[in-house]
Amino acid sequence: MNRLPRTATTDLLVLSLLSLLGILGYETSFGDLNFLVAAIAGLVVGTLAALAGTLLRLGVVSTVLIAIVAYFLLGTPFTMPETGIVGVLPSLGSLAGLAYGAVFGWADIVTIGTPVEAPYYIAALPYFAAWLVSLVGGLLVLRWLPKRRTALRTSVLVIGPALLYLSGILLGTDEAYFAGIRGVAFAVIALVWIAWRRGTTVEASGDGAKRLQRQKITGTAVVVAGAVAIGAVAGLAVAPVSPARFVLRDEIVPPFDPLEFPSPLSGFRKYTKDLAEETLFTVRGLEPGDTLRLATMDAYTGRLWNVAGPEDVGADGGGYGIVGESLPEPELADLGSAREIEVEVGAYADVWLPTVGYGRSLQLLDGGSAARAGDLRYNPAAGTAVLTSGVGEGAHYSLTANVQREPDTEDLLDVPVADLTLPIVENSPDVTEAKAGEFAGEAVSPIEQLRAIERALKTGGFLSHGLASDAVPSRAGHGADRIDELFTRQQMVGDAEQYAAAMALMARDLGYPSRVVMGFAPEVGDGQEEVEVVGDDVTAWVEVAFDGVGWVSFHPTPDQVDVPQEETPKPKSEPQPQVRQPPRAEHTDDELLATVEIDETDEDDKDRPFQIPGWVWVTLGAIGIPAAIVFLPMLAVMLVKAARRRRRRSGPNERQAAAAWEELMDRYAELGFEPPSQGTRLQSARVLEGQLGEQGLAGVLHGSGADASAPVPLSTLATTIDRDVFDGGAVSDEVVARRWTEAEAATAAVTAAVGRARRLISRYRIRSRR
């Protein structure tokens, strides 16, 4: 069994401490320190694997294999105990999660809403990151650092923890987690450690060595303390109050695209006609006056209101990110009383989950939905949730939320609307702008103008769902032509679909941030524990954002259903010539109109070619750019060296024999040796043999020359090539091949002995003696 280097324990502890300081930055993504269990487990597993491989004198490949096995066998209880066997032993699910999280967790975490709790394998990310850094760092500490204990080599070991620190910033949020304390502690520990390492390599003995080492460490401590003090003072003096942090979650668009699904508002009449008496949901925990929010739509195309897609959503429109049971809080809201509701789905079938207020936690209770928890998305700005794989009969979930406080109109008289960037409204009919000014009248403040518009629509219009029992027909839809018809007919007739769509457009025409919300407003009695929500409870309303208050709701749909009939004189009938009547259509006007209005296909998308999603480009860039930086220079150097070798293997045989020595000299120089620029081959060989001895590699070249593939001493090879070149005899092809074989054997033996780092660096070096 191999013995550990004398200072290995200290080095491993310092490396683990730096890694822990770095990975603490993940707290802003996970919301608490529970992820530290997985991170610390990763540090321990990686370090122990490196120690085991060193103590058992195993090769690097064998050690890495042991580390991989330990990663999978020991990771379950620290990352996903709920999927393991009795919470400890690995199962197929936990093994798959450990593998999937290590590969795809990096992409998931920047699209998951904070705090990150889903998908189930997400805890494997800090576990894997800590495991990888501790394994690589442990191998370097135990195998590479003892060969030459220098400050430069110690500095290389800091790269792994520094990458962990950087990943905590990039994968986190705008709010740093004790950035100043962690940054200063990281720098101080790293600098003192490097200085201590430098002090141990000073060539002195006795009291002189101790004194010199103490002076170096003391000097470094003074420099570090001064840097900390200056940095703190300078930071307080010149740092901005709210510094902007670059984080990947602000740059990467969440992969969920609401435009892949129909606009909920376009199917409004389906609920009032086909599902009017059907029980869609059974809800427990509602209070009188509560409304269920189904979808929030903030983009208008001229044909319909829809949920903005990831490419069109404004800076303040939010986005749908993967969430766990805990839901992120909205940035703009004045939250009031709490609600705890349970929803059981009946005849409803769609992807949108009915919610109330703004959620704090959402738990899928039935087995089918819980198995698809990774498909859950939530938009905190809209307060709406979606299960992309679909919600159907039998789904069951619970929601804890807080409802938005609804201030009185008098409380908002001096409050401006919020300065938000929402998706632009396209192809809005001109009539809405004119009617907005007419209905607002002499009102000055935003809330007075909006209440005036709400009142004008509510009192001046009539309600009709277009049913056979309604007094007058009402066409479905809320495109520009339908909104224009709403205002240009002699009487305003429609339902919540048209009135909410129209008021939201009028608010946008006035420059106010508005959106349309579709949901359900069931009647809830005092003390009623359970409510059955039917299709006839469907409704829609408008929300406008006020600064510091949140989204205030407006309900412009009228309650009046009796549209006054106008008396018009009957025209005198005049006899007309008999003509053959065209055959009667099989479809009613109402059916034809409804069919046209619910057509949701985007004509602009029909001619649009296939587009690669943005996240694919981000992934390719994240992998391809580093790979190109690493491998393209190496490939270029390889091509140059291959051309150099082909050039030297051409020409007369004696020239080729001499070129074998030139190739050997260049290869040694690329490995970090320093062959003399002038001198005979024998002199150069003796210089290189001396350098080999200084670096402990003198025994590498020990062949006798009997075997052409065995390495021979450089001086012997130099003498042999001199004899081939200068003895005046012809040099055969066999001799040339033998000299090149001997030169390659001498090069290969030294290449294998110098270590991986020097071999890697040599691949980027080019040296040519001619």
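No experiment lies behind these values; they were computed from the predicted model shown.

## Considering the overall build of the protein
Line of reasoning, step 1. On a plain count of helices and strands, the protein comes out with 25 helices and 17 strands.
Line of reasoning, step 2. Across the 770 residues that make up the protein, the buried fraction comes to 46%.
Line of reasoning, step 3. Pairs at least 24 apart in sequence give 78% of the contacts found in the protein among residues at least 6 apart.
Line of reasoning, step 4. Approximately 38900 Å² of the protein is accessible, and the part contributed by carbon and sulfur atoms is 58%.

## Examining the nonpolar core
Line of reasoning, step 1. Core analysis: the biggest nonpolar cluster contains 89 residues, and F487 and F546 have the highest contact counts within it.
Line of reasoning, step 2. Within the second largest apolar cluster, 54 residues are counted, among which are F30, V158, L164 and L171.

## Thoughts on the sheet that holds strand 15 (residues 530–534)
To summarise the sheet geometry, strands pair through backbone hydrogen bonds and adopt either a parallel or an antiparallel arrangement.
Line of reasoning, step 1. Strand order across the open sheet formed by 5 strands is 8-11-6-1-15, with antiparallel pairing between neighbours. For this open sheet the edge positions go to strand 8 (358–364) and strand 15, each flanked by a neighbour on one side alone. Across the sheet, the mean angle separating the axes of adjacent strands is 25° when strand polarity is ignored.

## Quick word on the packing of aromatic side chains
Line of reasoning, step 1. Tallied over the full model, the rule gives 14 aromatic pairs.
Line of reasoning, step 2. Here Y71 and F72 contribute two aromatic rings whose centre-to-centre distance is 5.0 Å and whose plane-to-plane angle is 90°, an arrangement assigned as edge-to-face.
Line of reasoning, step 3. Of the residues examined, Y71 reaches a relative accessible area of 3% and is grouped as buried.
Line of reasoning, step 4. Across the ring face of Y165, the terminal group of R182 is positioned such that the distance to the ring centre comes to 4.5 Å.
Line of reasoning, step 5. Between the NZ or CZ atom of K270 and the centre of the ring of Y271, over which it lies, the distance is 5.0 Å.

## Regarding the confidence of the model for the protein
Reading fine detail from the predicted coordinates is not recommended where pLDDT is low.
Line of reasoning, step 1. Taken residue by residue, the protein gives an average pLDDT of 81. The fraction at 70 or more is 81%.
Line of reasoning, step 2. Within the protein, the element-level pLDDT minimum falls on helix 18 (residues 589–597), averaging 42, and the maximum on strand 16 (residues 538–546), averaging 96.
Line of reasoning, step 3. Under a pLDDT of 50 for its full length, residues 201–205 has, in the predicted model, 5 contacts with residues more than four places off or in other chains.

## Examining the sheet that holds strand 9 (residues 376–379)
Line of reasoning, step 1. Within the open sheet, the 4 strands sit side by side as 5-9-10-7. Their pairing is antiparallel. For this open sheet the edge positions go to strand 5 (321–322) and strand 7 (350–353), each flanked by a neighbour on one side alone.
Line of reasoning, step 2. Bridge analysis of strand 7 against strand 10 (residues 384–391) gives 3 bridges, and the strand direction is antiparallel. Bridge pairing in strand 10 places W352 opposite V386.

## As for the pattern of salt bridges
Line of reasoning, step 1. If you walk through the whole model with that rule in mind, you get 28 salt bridges.
Line of reasoning, step 2. A salt bridge links E543 to R293, with the nearest nitrogen and oxygen atoms 2.8 Å apart. On the criterion of sequence distance, the pair formed by E543 in strand 16 and R293 in strand 2 (residues 292–297) is long-range, its members being 250 residues apart. Considered together, E543 and R293 belong to a single accessibility category, that of buried residues.
Line of reasoning, step 3. As a salt-bridge pair, E662 and R655 come within 3.1 Å of each other at their nearest N and O atoms.

## Focus on unusual backbone geometry
Line of reasoning, step 1. Even without being glycine, R57 reaches a positive phi, approximately 60°.
Line of reasoning, step 2. One non-glycine residue, N427, lies in the positive phi region at around 60°.
Line of reasoning, step 3. Relative to the helices and strands, N427 is located in the loop between strand 11 (396–404) and helix 14 (430–440).

## Looking at a nonpolar patch on the surface
Line of reasoning, step 1. On the surface, a nonpolar cluster with roughly 580 Å² of combined accessible area is contributed by I625, I629, V630, F631, L760 and Y764.
Line of reasoning, step 2. Considering each element in turn, the nonpolar patch owes the most residues, 4 residues, to helix 20 (residues 614–648).
Line of reasoning, step 3. On the secondary structure map, I625 appears in helix 20.
Line of reasoning, step 4. The exposed category is assigned to I625, whose relative accessible area is 53%.

## Concerning the side chain of Q498
Line of reasoning, step 1. If you trace the backbone, Q498 turns up in helix 17 (residues 496–509).
Line of reasoning, step 2. Judged by relative accessible area, Q498 falls into the buried class, the value being 0%.
Line of reasoning, step 3. At a separation of 2.8 Å, a polar atom in the side chain of Q498 contacts the main-chain amide nitrogen of D495.
Line of reasoning, step 4. With near-sequence residues (within four places) excluded, Q498 lies in contact with R269, S474, R475, A476, G477, R482, I483 and L486.

## Let's talk about helix 7 (residues 124–144)
Line of reasoning, step 1. A rise of 1.5 Å per residue sets the reference length of helix 7, with its 21 residues, at 30 Å; its end C-alpha atoms lie 29 Å apart and thus fit the reference within 8%.
Line of reasoning, step 2. Along helix 7, 17 of the 21 residues are buried, which leaves the element largely enclosed by surrounding structure.

Rules behind the numbers
Residues numbered from 1 in each chain as written. Predicted model: local features only at pLDDT ≥ 70, side-chain atom pairs only at ≥ 80, totals over all residues. Heavy atoms only, no water. Helix = DSSP H or I, 4+ residues; strand = E, 2+ residues; numbered from the N terminus. Buried < 20%, exposed > 50% of the residue type's maximum accessible area, 1.4 Å probe, protein only. Contact = heavy atoms within 4.5 Å. Areas by Shrake-Rupley, 256 points an atom, 1.4 Å probe, with all protein chains shown as cover. Core = buried A, V, L, I, M, F, W, Y, C linked by side-chain atoms within 4.5 Å. Pairing = 2+ DSSP bridges. Axes fitted to C-alpha atoms, helices over the stretch in contact; angles between N-to-C directions. Phe/Tyr/Trp six-rings, centres within 6.5 Å; stacked < 30°, edge-to-face > 60°. Lys NZ or Arg CZ within 6 Å of the ring centre and 35° of its normal. pLDDT = per-residue confidence, 0-100. Salt bridge = Lys/Arg side-chain N within 4 Å of Asp/Glu carboxyl O. Patch = residues over 30% accessible without salt bridge, like charges linked within 9 Å, V, L, I, M, F, W, Y side chains within 5 Å. Polar contact = N/O pair within 3.5 Å; in protein donor to acceptor, adjacent residues only side chain to side chain. Expected span 1.5 Å × (residues − 1).

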